[in-house]
Amino acid sequence: MTQFALYAILIIVATAALVLPSLWFGKRRRAVDADRKAANLAIFRDQLAELERERSEGSLAAEDYEQARSELQRRLLDEVDVADGDTAASPPTSRPTAIVLLLLLPIAAMGGYALLGNPAALDPVNTAPQKQMTAADIEGMVAKLAAKMQDNPDDMNGWVMLGRSYKMLGRYAEAVDAYAKAEAFIAQDPELLASYAETLAMASGKGLSGKARTLIDQALKLDPKHAHSLFLAGAAAMEAGDAKNGIAYWEALLPQVEAGSELDQMLRQGIEEMKKRGG
């Protein structure tokens, strides 16, 4: 926060240096302009009186007098136009305005950042590099969650989280046990059903058959276009030698896969293989 405050102060000072002088000294400048205008008018009056005197004395011809008088009038009009233009361009501001701006600029800057920015991000504690989690840290967190679930056996979300955690760690048998505790909850979600089926296949080592295949079919009843379930269904059909259905599942999945991606290429190769087998 300290660094931000310093930068904000510097910006405010720079802005004030550009804006405030015209506000603070605005009246003084107008007074100086008025004095200059009065002095110039006095000079023009003296020059006009001098022309009148020379004409009356006969030292200045009538034609020269008219020409000099016209030139003097033109210069007088030019001076008046310039002075009026400067006055119109000067904003009708004053020292109180300058003082108000000087006080409001820092308050507005800090208040605006507090409302729209992220002051917490300026705290060195929050910007310090976060410690990388190790495998031991993850194992410890999963152990704490498992212990918590023993005291909260009705927490279905907790069992699902524990099942996913065990699956991530490669502890498939324990993941299956955790998922089994939340079967009624899982039965309403195609993604959870697909994850449960996949975990059963990994834990048994027997592929996507039996209960795993039942869970996949159940997921597709909930959502016939569910990508994860379509992938597993195609793989299960391929394992069972059912090339026709395997092709159908994976061809239904292709529109959802990024063209040219690794998965796209794998699916197309699998489809070609099944077609060669008599699909």
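Scroll up for the structure.
Residues numbered from 1 in each chain as written. Predicted model: local features only at pLDDT ≥ 70, side-chain atom pairs only at ≥ 80, totals over all residues. Heavy atoms only, no water.

Student: When you look at the packing of aromatic side chains in this model, what are you seeing that I'm missing?
Tutor: Considering all chains together, one arrives at two aromatic pairs under this definition. Between the aromatic rings of tyrosine 179 and tyrosine 196, the centroid separation amounts to 5.4 Å while the plane-to-plane angle is 40°, which identifies the pairing as tilted. Of this pair, tyrosine 179 sits in helix α8 (residues 172-180) while tyrosine 196 sits in helix α10 (residues 190-204), placing them 17 residues apart in sequence. The same class applies to tyrosine 179 and to tyrosine 196, which are both buried. On the numbers, 5.8 Å between centres and 10° between planes, the contact of phenylalanine 231 with tryptophan 250 is stacked. Here the residue phenylalanine 231 occupies a position in helix α12 (residues 227-239), and tryptophan 250 occupies one in helix α13 (residues 243-253), the gap between them amounting to 19 residues. Classification of phenylalanine 231 as partly exposed rests on a relative accessible area of 25%. Note that lysine 181 overlies the ring of tryptophan 159, its terminal NZ or CZ placed 5.2 Å from the centroid. (Phe/Tyr/Trp six-rings, centres within 6.5 Å; stacked < 30°, edge-to-face > 60°. Helix = DSSP H or I, 4+ residues; strand = E, 2+ residues; numbered from the N terminus. Buried < 20%, exposed > 50% of the residue type's maximum accessible area, 1.4 Å probe, protein only. Lys NZ or Arg CZ within 6 Å of the ring centre and 35° of its normal.)

Student: I keep staring at the packing of helix α7 (residues 156-168) against α8 and nothing clicks. Help me out?
Tutor: Between two packed helices, both the angle of their axes relative to each other and the distance between the axes serve to describe the pair. Contact pair α7 / α8: the axes reach a minimum separation of 8 Å and the direction vectors enclose 165°. With respect to α8, the axis of α7 lies roughly antiparallel. Between α7 and α8 lies a crossing whose hand is left-handed. The segment α7 lies against α8, with Trp159, Val160, Leu162, Gly163, Arg164, Tyr166 and Lys167 engaging Tyr172, Glu174, Ala175, Ala178 and Tyr179. (Axes fitted to C-alpha atoms, helices over the stretch in contact; angles between N-to-C directions. Parallel < 35°, antiparallel > 145°, perpendicular 65-115°, else oblique. Left-handed = near helix turned anticlockwise from the far one by under 90°. Contact = heavy atoms within 4.5 Å.)

Student: What's the story with the nonpolar core in this structure? I'm lost.
Tutor: Counting 41 residues, the largest nonpolar core has Leu162, Tyr166, Ile186, Tyr196, Leu208 and Ile216 as the members making the most contacts within it. Every element with two or more residues in this core is listed here: α6 (135-151), α7, α8, α10, α11 (211-222), α12, α13 and α14 (262-276). Broken down by element, this core gets its largest block of residues, seven residues, from α10. Setting aside residues no more than four positions away along its own chain, isoleucine 216 makes contact with Ala197, Leu208, Ser229, Leu232 and Ala233. (Core = buried A, V, L, I, M, F, W, Y, C linked by side-chain atoms within 4.5 Å.)

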